[in-house]
Amino acid sequence: MSDRAEGARGSSTDALALALAAIGISVSVDARDGLVVLRLPPGAPAPRGAARESAVSICRGHGFTHVAVEFEGSDESRASLSRD
């Protein structure tokens, strides 16, 4: 990825994090192509119901097609995936 594309994606993830914070969802954001990973701080609950729907809509509005949630600080957040 070029530096310019990387910079554009970085500003997009910053804008996304701010948009999510505006609806009460405080996360750090990582992106790769159409996937965005929302990293919740330790102990934070996952968005549910209308908050979840709003978060997905906001992510789509920022150009992402897939949304994943990672829970920082939990053992499960570092689990390896089986390649079977």
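Residues numbered from 1 in each chain as written. Predicted model: local features only at pLDDT ≥ 70, side-chain atom pairs only at ≥ 80, totals over all residues. Heavy atoms only, no water.

**So, the environment of R60**
Link 1 in the chain: Here R60 is to be found in helix α2 (residues 49–61).
Link 2 in the chain: Look at R60 and you get exposed, because its relative accessible area is 57%.
Link 3 in the chain: Sequence separation between R60 and G34 is 26 residues, and the spatial gap between their C-alpha atoms is 9.2 Å. (Helix = DSSP H or I, 4+ residues; strand = E, 2+ residues; numbered from the N terminus. Buried < 20%, exposed > 50% of the residue type's maximum accessible area, 1.4 Å probe, protein only.)

**Some points on unusual backbone geometry**
Link 1 in the chain: Non-glycine residue D33 carries a positive phi angle of around 55 degrees.
Link 2 in the chain: Among the secondary structure elements, D33 is positioned in the loop between β1 (28–32) and β2 (35–40).

**As for the sheet that holds β1**
Link 1 in the chain: Pairing in this open sheet of three strands is mixed, and the strands run β1-β2-β3 from one edge to the other. Each having just a single partner strand, β1 and β3 (66–71) make up the two edges of the open sheet. Strand-to-strand twist in this sheet, taken as the mean axis angle between neighbours without regard to direction, amounts to 25 degrees.
Link 2 in the chain: Direction of pairing for β2 relative to β3: parallel, over a ladder of six bridges. Along β3, the bridge assignment pairs R39 with E70. (Pairing = 2+ DSSP bridges. Axes fitted to C-alpha atoms, helices over the stretch in contact; angles between N-to-C directions.)

**Description of the side chain of E70**
Link 1 in the chain: Tracing the backbone shows E70 in strand β3.
Link 2 in the chain: For E70, a relative accessible area of 14% gives the class buried.
Link 3 in the chain: Within the local environment of E70, its side chain forms a polar contact with the side chain of R39, the two groups lying 2.9 Å apart. (Polar contact = N/O pair within 3.5 Å; in protein donor to acceptor, adjacent residues only side chain to side chain.)

**Points about the nonpolar core**
Link 1 in the chain: Grouped together as the largest cluster of nonpolar side chains are 12 residues: L16, L20, I25, V27, V29, V36, L38, L40, A55, I58, C59 and F64.
Link 2 in the chain: Broken down by secondary-structure element, the contributors of at least two residues to this core are α1 (3–22), β2 and α2.
Link 3 in the chain: Excluding its chain neighbours within four sequence positions, the residues that come into contact with I58 are L16, A19, L20 and I23. (Core = buried A, V, L, I, M, F, W, Y, C linked by side-chain atoms within 4.5 Å. Contact = heavy atoms within 4.5 Å.)

**A look at the side chain of T13**
Link 1 in the chain: Mapping T13 onto the fold places it in helix α1.
Link 2 in the chain: Owing to a relative accessible area of 12%, T13 belongs among the buried residues under this scheme.
Link 3 in the chain: The residues contacting T13, other than those within four sequence positions of it, are V29, A31 and F64.

**Regarding the pattern of salt bridges**
Oppositely charged side chains can pair when the atoms bearing their charge come close.
Link 1 in the chain: Considering all chains together, one arrives at two salt bridges under this definition.
Link 2 in the chain: E70 is the partner of R39 in a salt bridge, and the nearest nitrogen-oxygen pair spans 2.9 Å. Remark: E70 occurs in strand β3 and R39 occurs in strand β2; sequence separation between them is 31 residues.
Link 3 in the chain: Relative accessible area serves as the criterion here: at 23%, R39 is assigned to the partly exposed category.
Link 4 in the chain: Counted as one network, the salt bridges with shared partners bring together D30, R39 and E70. (Salt bridge = Lys/Arg side-chain N within 4 Å of Asp/Glu carboxyl O.)

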